[in-house]
Amino acid sequence: MPTYPAEPFRIKVVEPIRQTTREERERLLAEAGYNVFKLAAETIYIDLLTDSGTGAMSDGQWAGIMQGDESYAGAKNFYNLQAAITDIFGFKHWVPTHQGRAAENILCNTLVKAGDMVPNNAHFDTTGANIRAAGGHPIDLVIDEAAIPSSTYPFKGNMDIAKLESFIQSTDRERIPFGMITLTNNTGGGQPASLANIREVSRVYRHYGIPFFIDACRYAENAYFIKLRETGQGDRPVIDIAREVFSLADGCTMSAKKDALVNIGGFLCMNDGTLFEAVKQELILREGFPTYGGLAGRDLEAIARGLYEGLDADYLAYRLAQTAYLGEGLLAAGVPIVQPPGGHAIYVDAGAYLPHIPREEYPGQALTIALYQAGGIRAVELGSVAFAYTDQETGEIQYPPLELVRLAIPRRVYTRSHMDFVISTFSEITRQKDALKGIRIVKEPKLLRHFTADFEIIA
Ligand code: F0G
């Protein structure tokens with residue numbers, strides 16, 4: 001068994017969770033159209049749907065909540081958060097937003113025009129959707145290793161520099177309003193990019209005069225992977241690595257619901273003063289006045305404090321080791337996963353786990369159903385239910401490269417026994433997995449169907 005890290009915190013407040021019976025869960029899931037998004041959270045025992053906004057805040061953050069200054073303009077918490085952002089991120093300008101996609105929306109509405117293209121290692125779905133909504137095209141240029149689940153390459157989130165250069169050379173410079181890198185690469189399994197790679201990405205963007213924005217949601221986990229895995233980085237404080245990463249860029253979008261350890265919030269940073277003026281106008285239209293941007297004063301304070309807690313080396317060592325513990329436990333139980341374990345989640349290769357279920361019958365959805373039925377565990381399908389689409393020109397169904405199921409781990413929420421429970425539930429499923437049946441979609445919306453579709457188990 002892999003080792004489990006001792007938690008660098010103790011528990012002061014508890015939230016009861018309840019295990020239901022298998023019979024109850026089968027009924028509840030049928031009522032929810034076999035879609036775990038439609039289950040009431042109270043009926044879930046271990047919720048691994050997302051690591052976003054689901055973390056536990058510290059006593060320090062809760063104390064800060066009581067010091068929320070709810071003035072409309074110029075609240076003291078705005079200045080506290082400004083000091084933290086200047087210290088860690090170092091950009092000249094920033095605005096608060098209610099979450100990450102609002103920062104993306106404002107950036108895209110300000111910079112992206114019809115026909116534009118935005119390169120990234122891999123865009124998260126909301127980032128890609130915001131670029132498309134502004135008439136642009138998201139371009140993914142991650143290294144090839146990212147698509148090989150068994151590859152244990154330590155930086156599978158790296159940008160393919162050769163692909164990036166040839167993309168830029170073959171594209172009209174005017175068509176690229178900015179370029180990005182996502183840290184860590186959520187779409188590819190929560191995999192980090194190396195500091196050397198981020199330096200190269202920066203060099204290329206700067207060489208061609210393309211503004212460089214980092215999708216920074218999980219920047220602290222990425223910085224700790226750099227410390228752990230990259231030659232010459234082991235002795236550096238995590239905050240120094242983070243500062244260097246941001247010094248290489250011209251701005252960032254941030255969902256504070258991840259590495260800032262809060263339940264809601266985000267921000268958008270930039271160095272360009274002209275862009276900042278335009279961003280403020282968009283912000284006032286969509287989010288709010290530039291000193292609160294869709295958040296309460298207390299939320300700003302929780303982010304200011306959470307940013308430093310999220311960079312704490314003991315916390316990060318525990319965080320990444322907990323995720324690795326789950327991943328290695330699943331591997332030892334014969335469950336194929338995307339290797340090596342990522343920062344915030346384990347991605348199970350459901351296509352390889354359930355080879356008797358063809359892609360048209362959604363092996364990932366079959367596994368999310370089995371996980372809830374067997375253990376009250378909620379995971380998310382990130383395979384053909386979420387990503388397959390019909391090509392408008394050929395009429396053919398385009399499938400994503402892999403049929404994945406993500407087990408995302410909320411921060412500071414679950415203990416070792418909870419992780420062991422997930423592993424033993426998988427072992428139970430494994431014993432009967434050949435009997436699991438394929439899934440059919442009975443009702444689906446036009447867009448983002450995984451959130452609201454109804455399914456049935458094929459008899
Ligand atoms: N970028 C990345 C890499 C993300 O993972 C997310 C959210 C966002 C941007 C958008 O941030 O939710 O605050 O608007 N990811 C969540 C997830 C939803 O479950 O992975 P948001």
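Residues numbered from 1 in each chain as written. Predicted model: local features only at pLDDT ≥ 70, side-chain atom pairs only at ≥ 80, totals over all residues. Heavy atoms only, no water.

A closer look at the packing of aromatic side chains
By convention here, two paired aromatic rings are described through the distance between centres and the angle between planes.
Line of reasoning, step 1. The final tally for this structure, using the stated rule, is 18 aromatic pairs.
Line of reasoning, step 2. Ring centres of Phe-78 and Trp-94 lie 5.0 Å apart, and the angle between their planes is 15°; on these two criteria the pair is classed as stacked. Within this pair, whereas Phe-78 is found in helix H3 (residues 76-88), its partner Trp-94 is found in strand S2 (residues 93-97), the two being separated by 16 residues in sequence.
Line of reasoning, step 3. Exposure remark for Phe-78: the relative accessible area of 8% places this residue in the buried category.
Line of reasoning, step 4. The buried category is assigned to Trp-94, whose relative accessible area is 5%.
Line of reasoning, step 5. Between Phe-89 and Phe-246, the aromatic rings sit 4.4 Å apart at their centres with planes inclined by 35°, giving tilted as the arrangement. Here Phe-246 lies in helix H9 (residues 238-247) and Phe-89 lies in the loop between H3 and S2, a separation of 157 residues in the sequence.
Line of reasoning, step 6. The buried category is assigned to Phe-89, whose relative accessible area is 2%.
Line of reasoning, step 7. Assessed through its relative accessible area of 2%, Phe-246 is described here as buried.
Line of reasoning, step 8. By way of ring pairs, the aromatic residues Phe-78, Tyr-79, Phe-89, Phe-91, Trp-94, Tyr-219, Phe-246 and Phe-267 are connected into one cluster. (Phe/Tyr/Trp six-rings, centres within 6.5 Å; stacked < 30°, edge-to-face > 60°. Helix = DSSP H or I, 4+ residues; strand = E, 2+ residues; numbered from the N terminus. Buried < 20%, exposed > 50% of the residue type's maximum accessible area, 1.4 Å probe, protein only.)

Details of the packing of helix H8 (residues 219-229) against H9
Line of reasoning, step 1. It is the contact of H8 with H9, at a shortest axis distance of 9 Å, that shows an interaxial angle of 110°. Between H8 and H9, the angle falls in the class roughly perpendicular. Crossing of H8 over H9 shows right-handed handedness. Of the residues in H9, those in contact with Tyr-219, Ala-220, Ala-223, Tyr-224, Ile-226 and Lys-227 of H8 are Val-238, Ile-241, Ala-242, Val-245 and Phe-246.
Line of reasoning, step 2. Looking at side-chain class alone, the contact of H8 with H9 contains ten nonpolar, no polar and one charged residues. (Axes fitted to C-alpha atoms, helices over the stretch in contact; angles between N-to-C directions. Parallel < 35°, antiparallel > 145°, perpendicular 65-115°, else oblique. Left-handed = near helix turned anticlockwise from the far one by under 90°. Contact = heavy atoms within 4.5 Å. Nonpolar A, V, L, I, M, F, W, Y, C, P; charged D, E, K, R; others polar.)

A short note on the state of the cysteines
Put plainly, two cysteines are in a disulfide when a covalent bond ties their sulfur atoms together.
Line of reasoning, step 1. Counting across every chain of the model gives zero disulfides.
Line of reasoning, step 2. No disulfide involves Cys-252; its sulfur sits 3.8 Å from that of Cys-269, the nearest cysteine. (Disulfide = S-S within 2.5 Å.)

Looking at H8
Line of reasoning, step 1. Extensive coverage of H8 is indicated by the burial of nine of its eleven residues.
Line of reasoning, step 2. Those residues of H8 lying buried are Tyr-219, Ala-220, Glu-221, Asn-222, Ala-223, Tyr-224, Phe-225, Ile-226 and Lys-227.
Line of reasoning, step 3. Tucked into the core, H8 has its buried residues touching H3, helix H7 (195-207), H9, strand S7 (251-255), helix H11 (297-310) and helix H12 (313-332).

Digging into the site of the ligand
Line of reasoning, step 1. Around the ligand sit 17 residues, and of these Thr-50, Arg-101, Asp-215, Ser-255 and Lys-258 come closest.
Line of reasoning, step 2. Between the ligand and the protein, one listed contact pairs an oxygen atom with a side-chain N or O atom of Asn-186 at 2.8 Å.
Line of reasoning, step 3. At 2.9 Å from an oxygen atom of the ligand is found a side-chain nitrogen or oxygen belonging to Arg-218.
Line of reasoning, step 4. Here the ligand loses 93% of its free accessible area of 470 Å² to cover by the protein chains.
Line of reasoning, step 5. The leading source of residues in the shell around the ligand is helix H4 (residues 100-111), at three residues.
Line of reasoning, step 6. Classifying every residue of the shell around the ligand gives two nonpolar, eight polar and seven charged. (Near = heavy atom within 4 Å. Polar contact = N/O pair within 3.5 Å; in protein donor to acceptor, adjacent residues only side chain to side chain. Areas by Shrake-Rupley, 256 points an atom, 1.4 Å probe, with all protein chains shown as cover.)

Let's talk about the domain arrangement of the protein
Line of reasoning, step 1. Splitting the protein by domain gives domain 1 (22-51 + 313-457) and domain 2 (59-309).
Line of reasoning, step 2. Domain 1 and domain 2 are separated by 27 Å when their C-alpha centres are compared.
Line of reasoning, step 3. Contacts between domain 1 and domain 2 engage 22 residues on the former and 27 residues on the latter.
Line of reasoning, step 4. Note that Glu-221 and Arg-411 form a salt bridge whose closest N and O atoms lie 3.1 Å from each other.
Line of reasoning, step 5. Linking domain 1 with domain 2 are 14 residue pairs in polar contact (both at pLDDT 80 or more), by the criterion used here.
Line of reasoning, step 6. At the level of elements, H12 and strand S9 (345-349) are the ones that each hand at least two residues to the side of domain 1 that touches domain 2. (Domains from an automatic or database assignment. Salt bridge = Lys/Arg side-chain N within 4 Å of Asp/Glu carboxyl O.)

Focus on a nonpolar patch on the surface
Line of reasoning, step 1. Residues Tyr-72, Ile-284 and Phe-289 make up a contiguous nonpolar surface patch of roughly 310 Å² in combined accessible area.
Line of reasoning, step 2. With respect to the element layout, Ile-284 can be found in helix H10 (residues 273-286).
Line of reasoning, step 3. The partly exposed category is assigned to Ile-284, whose relative accessible area is 45%. (Patch = residues over 30% accessible without salt bridge, like charges linked within 9 Å, V, L, I, M, F, W, Y side chains within 5 Å.)

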